[in-house]
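In case you want the letters, here they are:
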Amino acid sequence: MAGETLKAETDAAGLAAMIARASDQTAGGKPGLPPVERWEPPFCGDLDMEIRADGTWFYMGTPIGREALVRLFSTVLRKDGDGKTYLVTPVEKVGIRVEDAHFIAVEMSVAERDGQPVLFFRTNVGDLVEADADHPLRFEIAGETQELKPYLRVRGRLDALVSRAVMYDLVDRGEVITVDGREMFCLRSGAAVFPVMPADELDRLSR
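Rules used in this analysis
- Residues numbered from 1 in each chain as written.
- Predicted model: local features only at pLDDT ≥ 70, side-chain atom pairs only at ≥ 80, totals over all residues.
- Heavy atoms only, no water.
- Pairing = 2+ DSSP bridges.
- Helix = DSSP H or I, 4+ residues; strand = E, 2+ residues; numbered from the N terminus.
- Contact = heavy atoms within 4.5 Å.
- Axes fitted to C-alpha atoms, helices over the stretch in contact; angles between N-to-C directions.
- Core = buried A, V, L, I, M, F, W, Y, C linked by side-chain atoms within 4.5 Å.
- Buried < 20%, exposed > 50% of the residue type's maximum accessible area, 1.4 Å probe, protein only.
- Salt bridge = Lys/Arg side-chain N within 4 Å of Asp/Glu carboxyl O.
- Polar contact = N/O pair within 3.5 Å; in protein donor to acceptor, adjacent residues only side chain to side chain.
- Phe/Tyr/Trp six-rings, centres within 6.5 Å; stacked < 30°, edge-to-face > 60°.
- Lys NZ or Arg CZ within 6 Å of the ring centre and 35° of its normal.

Asks: Lay out unusual backbone geometry with the relevant residues and their values.
Replies: Positive phi values are uncommon outside glycine, yet methionine 60 reaches one of about 55°. Its identity is not glycine, yet aspartate 180 carries a phi of approximately 55°, on the positive side.

Listed below in structure tokens is the structure:
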């Protein structure tokens, strides 16, 4: 088992070194975020790497324990129009698996702008994202237990699942607003309004 762990960490470190070299080519991009949307390298196959539902990254069946590696990998993630997620550098593109969302929103803070609350989220890999029209919140009802799952668009097509602890604080800020003639339970962030569900549906689920 120790040998498998070492092999996985060694291979992951090699991949990280390649990504780090590619990350130097960030002209025109945000600091620390390579311009992956502009890179069109050839597809080189799938990698045995997975982002689990709890946000843990696995490589060859082994958790990647080094936080710096995970942060580095996260900067070159891209979800394409085919619905698949890739690690992308200027010279190659490799597919990885994502069990649920790409990131986890682990913290929320609320500021005020022009008299309106503005919601900011921090992800498990260090992104700081303001919920707005370009970074919307969306909500799904999942599973037999009808669990509410909020997601935040982080960048491109990459989403963060809002953690359960943060979700409770988030929902506490909800209000009923009429949207297209229907009473909806919604959240506000600045000028943006994000419907969660019909108010009568919320009442039903709350019983």
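Asks: I'd like a description of the sheet that holds strand 1 (residues 43–51), backed by residues and values.
Replies: Pairing is mixed in the open sheet, where 6 strands are placed in the order 3-2-1-6-5-4. Every interior strand has two partners, whereas the edge strands, strand 3 (62–63) and strand 4 (77–79), have only one. Bridge count for strand 5 (residues 85–88) against strand 6 (residues 93–98) is 4 bridges, and the pairing is antiparallel. Paired with tyrosine 86 across the strands is glycine 95, a residue of strand 6. Its contacts with the sheet place helix 2 (residues 67–74) against strand 1, strand 2 (57–59), strand 4 and strand 5, and it is angled at close to 95° to strand 2.

Asks: Now, about the nonpolar core: what can you tell me, with residues and values included?
Replies: Within soluble globular proteins, side chains that are nonpolar generally end up buried alongside one another. In terms of nonpolar packing, the biggest core is built from 43 residues, with Met49, Trp57, Leu87, Phe121, Leu137 and Leu170 touching the most fellow members. The residues touching leucine 170, leaving out its near neighbours within four places in the chain, are Met108, Leu119, Phe121, Leu137, Phe139, Pro150, Val162 and Leu187.

Asks: Explain the pattern of salt bridges to me, and be specific about the residues and the numbers.
Replies: Scanning the model with the defined rule gives 16 salt bridges in all. Across the pair glutamate 67 and arginine 71 runs a salt bridge, and its minimum N-O distance is 3.3 Å. With glutamate 67 and arginine 71 both in helix 2 and 4 residues apart, this pair spans about one turn of that helix. Judged by its relative accessible area of 54%, glutamate 67 falls in the exposed class. Arginine 138 is paired through a salt bridge with glutamate 140; the nearest N and O atoms lie 2.5 Å apart.

Asks: Help me get a handle on the sheet that holds strand 14 (residues 182–189), residues and values and all.
Replies: The strands that make up a sheet are held in pairs by hydrogen bonds between backbone atoms, and each pair lies either parallel or antiparallel. Pairing is antiparallel across the open sheet formed by 3 strands, whose spatial order is 13-14-15. Every other strand in the sheet has two partners, leaving strand 13 (175–179) and strand 15 (192–198) as the edge strands with one partner each. On average, each strand axis in the sheet is tilted by 50° relative to the strand beside it, whichever way the strands run. As defined by bridge partners, strand 13 adjoins strand 14 across 5 bridges and the pair is classed as antiparallel. Across the sheet, residue glutamate 175 finds its bridge partner in strand 14, namely cysteine 186.

Asks: Go over the pairing of strand 7 (residues 103–113) with me, naming the residues and quoting the values.
Replies: With 3 bridges joining them, strand 7 and strand 12 (residues 158–162) adopt parallel strand pairing. Looking at strand 12, one finds that phenylalanine 103 is bridged to alanine 160. Bridge count between strand 7 and strand 8 (residues 116–123): 8 bridges; the pairing is antiparallel. By the bridge assignment for strand 8, glutamate 107 is matched with arginine 122.

Asks: Provide a residue-level description of the side chain of arginine 155, including the pertinent values.
Replies: Looking at where arginine 155 falls in the secondary structure, it is placed in strand 11 (residues 147–155). Separated by 2.9 Å, the side chains of arginine 155 and aspartate 127 make a polar contact. Setting aside its immediate chain neighbours within four residues, arginine 155 contacts Leu33, Ser74, Thr75, Phe103 and Asp127.

Asks: For the packing of aromatic side chains, give the residues involved together with the corresponding values.
Replies: For the structure shown, the criterion picks out 2 aromatic pairs. Between phenylalanine 43 and tyrosine 86, the ring centres sit 5.8 Å apart and the planes meet at 80°, which makes this aromatic pair edge-to-face. Within this pair, whereas phenylalanine 43 is found in strand 1, its partner tyrosine 86 is found in strand 5, the two being separated by 43 residues in sequence. Measuring from centroid to centroid gives 6.0 Å for tryptophan 57 and phenylalanine 73, while their planes differ by 20°, and the two rings are stacked. Pair noted here: tryptophan 57 is in strand 2 and phenylalanine 73 is in helix 2, with a separation of 16 residues, a long-range link. Accessibility expressed as a relative area gives 2% for tryptophan 57, which makes it buried. A cation over a ring is seen here: arginine 138 above tyrosine 151, with NZ or CZ 4.3 Å from the ring centre.

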